[in-house]
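Residue-level structural notes
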Amino acid sequence: MELVKIKSNWWSFSLSGLIAIIYALMAFLVPGETAQIIVKASGIVVGLIGIICLLFALRRKKKMMPWGMLLFESIVMIVLGIVAFFWSAATINLIIFAIGLWSAIIGLFMLIVIFSIKDLVNRGFYIISAILSLLFGVLLMINPFESAKVFVIISGIIAMFFGVIMMMFGFAVRKHNATLIAKVVEEDVEKSAEQKQE
């Protein structure tokens, strides 16, 4: 049983690693285009989910069940999917800008709270954290698309690391499988030799 499972699974690890490495190379070479591909793919998935929800909503309507909220959610998802697919660059800018705005607001709010508490423990550490959060948010808002490229490159580094590990693991499993096969063949030969001697 172990031999069969290993024999059928080792390639999936290597294939996953290869896909991760291909993504990493795309992230390094064309980060902007890679970011848009990710957003387009996400748009397709969200749109498909919206269509499925729409079908369920119409089905619930025929059965005289509550369907209004599900219909609204499905329309929103379909619209978001269309926007993400056809206006991927604008979607990226909007998402990164929203993240930057959130980070800046959090940093600013932290500073207000910090300076309102005079005897706060580790005050300096929290001030530095708040300033970093504020600066990070401002940088994202200044040039969101370029910031998205940086995120894609970072994700590419992580994907390359795990991709190489997955490929190494896959071939290690394959080698283990080959050792098991050789062992089984050797045992079969020994049994055949013993039977002939008898």
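See the structure shown above.
Below is a summary of the structure that appears in this document. (Residues numbered from 1 in each chain as written. Predicted model: local features only at pLDDT ≥ 70, side-chain atom pairs only at ≥ 80, totals over all residues. Heavy atoms only, no water.)

**What about the side chain of Ser 88?**
- Inspection of the secondary structure puts Ser 88 in helix α4 (residues 88-116).
- Setting aside its immediate chain neighbours within four residues, Ser 88 contacts Gln 36, Val 39, Lys 40 and Val 83. (Helix = DSSP H or I, 4+ residues; strand = E, 2+ residues; numbered from the N terminus. Contact = heavy atoms within 4.5 Å.)

**Considerations on helix α3 (residues 68-86)**
- With 19 residues, α3 should cover 27 Å at 1.5 Å per step; its first-to-last C-alpha distance of 27 Å lies within 8% of that length.
- Regarding α3, the residues found buried are Ser 74, Gly 81 and Ala 84. Buried residues of α3, seen end-on, are gathered within an arc of 95 degrees and therefore sit on one face of the element. Projecting away from the buried face of α3 at angles above 90 degrees are the exposed residues Met 69, Phe 72, Leu 80 and Phe 86.
- Structurally, α3 contributes buried residues whose contacts are with α2 (31-62) and α4. (Expected span 1.5 Å × (residues − 1). Buried < 20%, exposed > 50% of the residue type's maximum accessible area, 1.4 Å probe, protein only. Arc of directions from axis to C-beta.)

**Comments concerning unusual backbone geometry**
- Positive phi outside glycine occurs at Met 64, with the angle close to 60 degrees.
- The residue Met 64 is located in the loop between α2 and α3 in this model.
- With relative accessibility at 74%, the residue Met 64 sits in the exposed group.
- Backbone geometry at Asn 122 places phi at a positive 55 degrees, although glycine is not the residue there.

**Observations concerning the nonpolar core**
- Counting 10 residues, the largest nonpolar core is built from Ala 27, Ala 35, Val 39, Ala 84, Ile 92, Ile 96, Leu 140, Phe 145, Ala 148 and Val 152.
- Listed by contribution, the elements that provide at least two residues to this core are α2, α4 and α6 (144-197).
- When residues in this core are grouped by element, the largest group, 3 residues, is from α6.
- If we skip the residues at most four places from it in the chain, Ala 148 touches Ile 92 and Ile 96. (Core = buried A, V, L, I, M, F, W, Y, C linked by side-chain atoms within 4.5 Å.)

**Some details on α2**
- The end-to-end C-alpha distance of α2 is 47 Å, a good match for the 46 Å that 32 residues give at a rise of 1.5 Å each.
- Along α2, the residues that are buried comprise Pro 31, Gly 32, Thr 34, Ala 35, Val 39, Gly 43, Gly 47, Gly 50, Cys 53 and Ala 57.
- Of the residues one or two after α2, Met 64 is the one with positive phi, at around 60 degrees.

**A few points about the pattern of salt bridges**
- Throughout the structure, instances matching the rule amount to 1 salt bridge.
- Of the charged contacts, one joins Glu 146 and Lys 149 as a salt bridge, the two residues approaching to 3.3 Å between their closest N and O atoms. Note that Glu 146 and Lys 149 are positioned in helix α6 at a spacing of 3 residues, about one turn of the helix.
- Glu 146 sits in the partly exposed class, given a relative accessible area of 37%.
- On the basis of relative accessible area, Lys 149 is assigned to the partly exposed category, the value being 24%. (Salt bridge = Lys/Arg side-chain N within 4 Å of Asp/Glu carboxyl O.)

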